[in-house]
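What follows is each chain in one-letter form.
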Amino acid sequence: MRLLPALAAGAAAMLALTGCANASAGDGNTVSLAGRTIELIVPFAPGGGYDSYARQLAPKLGEELDATVIVVNKPGAGGVLATNELSKAEPDGTTLALFNMPGHIGSALAGAPGVQYDVNSFSYIGRLSSEPDVVLTSEKGAIDTWSDVMKEKDQDPTRFAATGPGSNEYMDGVVLHSLLGLDSKVITGYSTSNEAYLGVLSGVVDLHSRSYGSQESALKSGDAVPLLTIGSKQGKKLLADTPVLADIVPPEKAELARSHTALVESGRAIAGPPGMKPEQLELVRDAFRKVVTDPEYAAAAEESRRPISFATGQEVADNVAALMRSPKAYVDLLEEAYGV
Amino acid sequence: MLEQLGSALQQVVAPDSLAMLLLGVAIGFVVGILPGLGGAVTLALLIPITFGMDPVPAFSLLLGMYVVCAVAGDFTSVLFGIPGEASAAAMVLDGFPLNKKGQAGRALGAALASSVIGAVFGVAVLTALIPVLSPLVLMIGPPELFAIGLLGLAFVASLSGKNMFKGSIMAALGVLLSLVGLDPNTGIPRYTFGSLELWEGIGIVPVVVGLLGGAELLQIMLDKDNRTRHHGRPKVGGIRTGVLETAKHWFLVVRASAIGVAVGIVPGLGGSMAQFIAYGHAKQTSKKPERFGRGAIEGVIASGATSTAKDGGALVPTIAFGVPSSVSMAVLLGAFVILGLDPGPSMLTDDLDVTLSMVWIVVLATVAAAALGYVLLRPLTHLTRVKGRVLVPSLILLLTLGAYSESNSFANVLVMLLFLAVGVVAIRWDWPRVPLLLGLVLGAILERYFILSHSIYDWEWLGRPSVIAIIAVALLLVVSQILRALRKPRTAVDTPRTKEGAAV
């Protein structure tokens, strides 16, 4: 029976691929993660920014901790599924996750259905990236600048393309409508953000808002034109001519614009389950800091268009706490964006 | 253009690229054969290896691996009745019955030959369309997608086997199942029973794995005396027959490839729809449609050609706009960005050589995979002679891992088991399974694009000429099928029903 070894080998290979194989566990008293297998959970399907960031980080973080870091994609419920799971995971350092912070904090603020975690309770390891959102339109369309949007040349309401309620792009649509008093509506139902962008490109919908990184190719290619930046446009030549949300809102809305900008810029961060031992949390935070602040790593990340914007775990935690104290008017807006 | 095609070929056959291509082919072959373990997951695992590589060797590895998965998946489909990939489920429908008749070689010969032609056709269309890529993709909006969804649904009847009524019920059930999950418009959970796992709907991979693969396996297991399995040596010698039959049905290969490319080009439809439309079309246009599901070689040919042709189509929006039409393409797009390429107009001007090198990679990888498949055909066919009590548990293990690994979710294993049970019941009482799959895939498409069309155009979109034309074709299809069923002589029903003759 030559088949059995073959099948067994196949099964073993699959176990390894799916990450079921586990290295021998260290003893319970030490905080060291040496020799352990650490799961870095990505709450989205393979492909896309989160996955790329995680796969770039995993081997280096593993080296630094003398452990094996594997990336596990756990898509579902827009990231809430994996976040709920992390909130209940053993806080022994072997489970970490890469969060979409605007979605993570936003859904908690809005009290979105399905959220079972206390957003302040996680052991934040550090911020990996932070970038502004950019509102763009098709190069071929009638709109050339943000003032065209504000002037409302068109009789019809301005239309934002988005996937579904609760997505970052939907939030932007709702917030801009309210803060700038736009005659606008959000067209939802696109299956992916990329498809929503295609809707704009074909001229069916006017605007689309998403993180700078995911739009960079479109902007560089000249197919799309940037209109408005939500956040800082520092160091981003392509955005030089765009106004910034915080600068164009009426004074009485300035606080809301600040809240939204802070939410957008909370970026992508790594976190562990609530209740990690302080010494171990420091160990992981330290390793993470060493990896991402290494100039060589940062340069390679920049090269592959996944630029690093580091903040310490403590800074992330403080930022989360501050955002959770956002003004009531902003929470109301988010509730609208989540359809709560 | 010709000159650039030549220089692109030179880049692909450069030693480092070629080495990567062959590595990709080897990995893709293993991944393709293992049921359920998808190309997308493997692509994601390979991405870090490409850091720092030049674009052409990197794509040789990634794209080479990915296209080979579809080719290798045919082996699993034909030999065990388990789809190696969700987008190759239609291969099971006739490939497996042929194997049970002892004609595995003939089926695999046809599958390999049609896969190669499909792949070549797919990228040939891609190359020919390069000057008009952008306007072409932009022409198709939500209203057209809705109409195409309806057209797909019109194939239910021809995929229903003998009983159109049963088929329609199963399709309706599939559409109902597609409603599970978050409402794409309001974000309200529907029929999720408090389980977050169901928010994104019922995944197509666990359903295909359970309904088609698992159910077939359980049949083997429940059948104590192995009646359903072929005894003795499967005829491997039929390979040449299979290849020749593919050549004979060249026009079908072209049509099936065209369907694959067309569906692949449109982001939002997804590859799992193409195969069923092509299969339904093959049956519709066959002189002997009653043989479909019992081992019709045309069914194998249509599925084989579509499974590889769709990738050529899917590359179009990925290259032209950076809009991937599947998870695998999304991972490939990640590679674009890492390698410093900008999907968009520059891929058709400055980086045209990279685009054209992809064309060659697809062609060479498919040919290499077919050659490898030809060599390994004999040893692989021996697998079917392994006793059921050894084979079934091993395969069930692989199926479970396949269902799990798609999104690392145990809930998907439960979904797989549930549909395995549904599949066994359907086989036992002769209810067709494919319409349920089609309903599940199309239900989501129909709902999504109906709502999008309505919120963008109100009701105006129903009057668009393209929409009217596609819906008219769908109606014609339904009417012709009904007429055909009514006219069919009653005697056909009296044919003794064999296991092979079970509805698909």
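Cut-off values and rules
Residues numbered from 1 in each chain as written. Chains lettered and ligands numbered in written order. Predicted model: local features only at pLDDT ≥ 70, side-chain atom pairs only at ≥ 80, totals over all residues. Heavy atoms only, no water. Patch = residues over 30% accessible without salt bridge, like charges linked within 9 Å, V, L, I, M, F, W, Y side chains within 5 Å. Areas by Shrake-Rupley, 256 points an atom, 1.4 Å probe, with all protein chains shown as cover. Salt bridge = Lys/Arg side-chain N within 4 Å of Asp/Glu carboxyl O. Helix = DSSP H or I, 4+ residues; strand = E, 2+ residues; numbered from the N terminus. Axes fitted to C-alpha atoms, helices over the stretch in contact; angles between N-to-C directions. Parallel < 35°, antiparallel > 145°, perpendicular 65-115°, else oblique. Left-handed = near helix turned anticlockwise from the far one by under 90°. Contact = heavy atoms within 4.5 Å. Nonpolar A, V, L, I, M, F, W, Y, C, P; charged D, E, K, R; others polar. Pairing = 2+ DSSP bridges. Polar contact = N/O pair within 3.5 Å; in protein donor to acceptor, adjacent residues only side chain to side chain. Buried < 20%, exposed > 50% of the residue type's maximum accessible area, 1.4 Å probe, protein only. Domains from an automatic or database assignment. Buried area = accessible area lost by both parts, 1.4 Å probe. Expected span 1.5 Å × (residues − 1). pLDDT = per-residue confidence, 0-100.

**Some thoughts on a nonpolar patch on the surface**
Nonpolar side chains collect at one region of the surface, where V478(B), V479(B), I482(B), L483(B) and L486(B) lie side by side and expose about 430 Å² of accessible area between them. Topologically, V479(B) is positioned in helix α20 (residues 465–487).

**Re the packing of helix α10 (residues 254–264) of chain A against helix α14 (residues 328–337) of chain A**
All names here are of chain A. Running from N to C, α10 and α14 point in directions that differ by 55°, and their axes come no closer than 9 Å. Compared by their axis directions, α10 and α14 come out oblique. α14 is crossed by α10, and the crossing has right-handed handedness. Facing α10, whose interface residues are L256, S259, H260 and L263, α14 presents A329, Y330 and L334. Considering only residue class, the contact of α10 with α14 consists of five nonpolar, two polar and no charged.

**Points about the sheet that holds strand β11 (residues 311–312) of chain A**
Residue and element names in this part refer to chain A. With mixed pairing, six strands are arranged side by side in an open sheet as β2-β1-β3-β10-β4-β11. The open sheet has two free edges, formed respectively by β2 (68–73) and β11, since each of these has just one partner strand. Against the sheet, helix α2 (residues 49–65) makes contact with β1 (37–42), β2, β3 (95–100), β4 (123–129) and β10 (268–272), and its axis sits at roughly 160° relative to β2, the strand it touches most. Across the sheet, helix α3 (residues 80–88) lies against β1, β3 and β10, angled at about 145° from β3, the strand it touches most.

**Here we look at the interface of chain A and chain B**
Contacts between the two partners involve 53 residues from chain A, matched on the other side by 55 residues from chain B. Our enumeration of links across chain A and chain B arrives at zero salt bridges. The tally of links from chain A across to chain B stands at eight residue pairs in polar contact (both at pLDDT 80 or more). Among the secondary structure elements, those contributing two or more residues to the side of chain A that touches chain B are α1 (3–18), α2, β2, α3, β7 (184–187), α7 (193–201) and α8 (212–221) of chain A.

**Here's the deal with the side chain of S266(A)**
Residues and elements named next belong to chain A. Relative to the helices and strands, S266 resides in the loop between α10 and β10. Residue classification places S266 among the buried residues on the basis of a relative accessible area of 4%. For S266, the side chain forms a polar contact with the main-chain oxygen of L263, separated by 2.5 Å. Sequence-distant contacts of S266, that is, excluding residues within four places in its chain, are made with M101, P102, I105, R127, S129, N319 and L323.

**Some points on the domain arrangement of chain A**
All names here are of chain A. Domain boundaries assigned for chain A yield domain 1 (33–130 + 266–337) and domain 2 (133–263). Its C-alpha centre places domain 1 at a distance of 26 Å from the equivalent point of domain 2. With 17 residues of domain 1 at the contact, the number on the domain 2 side is 18 residues. Counting the surface lost from both domain 1 and domain 2, the interface buries some 1500 Å², and carbon and sulfur atoms represent 61% of this. If you sort the residues of domain 1 by the area they bury against domain 2, R305, Y330 and A337 come out on top, with a joint share of 38%.

**Description of helix α12 (residues 250–265) of chain B**
All names here are of chain B. A rise of 1.5 Å per residue sets the reference length of α12, with its 16 residues, at 22 Å; its end C-alpha atoms lie 22 Å apart and thus fit the reference within 8%. Within α12, burial applies to L252, V253, A256, S257, I259, G260, V261, V263, G264 and I265. If you follow the buried residues of α12, they end up packed against α6 (104–129), α7 (133–139), α11 (239–248), α13 (271–285) and α14 (297–321).

**Remarks on the confidence of the model for chain A**
Of all residues in chain A, 90% have pLDDT values of 70 or greater, and the mean over the chain is 87. Least confident of the elements in chain A is α1(A), whose mean pLDDT is 48; most confident is β10(A), at 97.

**Some thoughts on the pattern of salt bridges**
Residues and elements named next belong to chain A. A complete count under the given rule lists 16 salt bridges over all chains for this structure. A salt bridge links D51 to R55; the nearest nitrogen and oxygen atoms lie 3.0 Å apart. One end of the pair, D51, and the other, R55, are both in helix α2, four residues apart, so they sit about a helical turn from each other. Looking at D51, the relative accessible area reads 4%, which means it is buried. For R55, a relative accessible area of 9% corresponds to the buried category. The salt bridge partner of K328 is D332, with a shortest N-O separation of 2.8 Å. Here K328 and its partner D332 are both found in helix α14, four residues apart, which amounts to about one turn of the helix.

**Describing the packing of helix α5 (residues 90–100) of chain B against α14(B)**
To describe two helices that pack against each other, one gives the angle between their axes and the distance between the axes. Residues and elements named next belong to chain B. Their axes nearest at 8 Å, the elements α5 and α14 cross at an angle of 145°. Handedness of the crossing formed by α5 with α14: left-handed. On the side of α5, the interface is formed by A90, M91, D94, G95 and L98, while α14 contributes I297, G299, V300, S303 and G304. Tallied by class, the residues present in the contact of α5 with α14 amount to five nonpolar, four polar and one charged.

**Considering the sheet that holds strand β8 (residues 208–211) of chain A**
All names here are of chain A. A sheet is described by the order of its strands in space; here three strands give the open sequence β8-β5-β9, paired in antiparallel fashion. Taken across any chain shown, the strands that pair with only one partner, and hence form the sheet edges, are β8 and β9 (224–230). Shown here is a sheet whose adjacent strand axes are inclined to one another by a mean of 35°, direction ignored. Here four bridges tie strand β5 (residues 133–138) to β8, and the two strands are oriented antiparallel to one another. Across the sheet, V135 pairs through a bridge with S209, a residue of β8.

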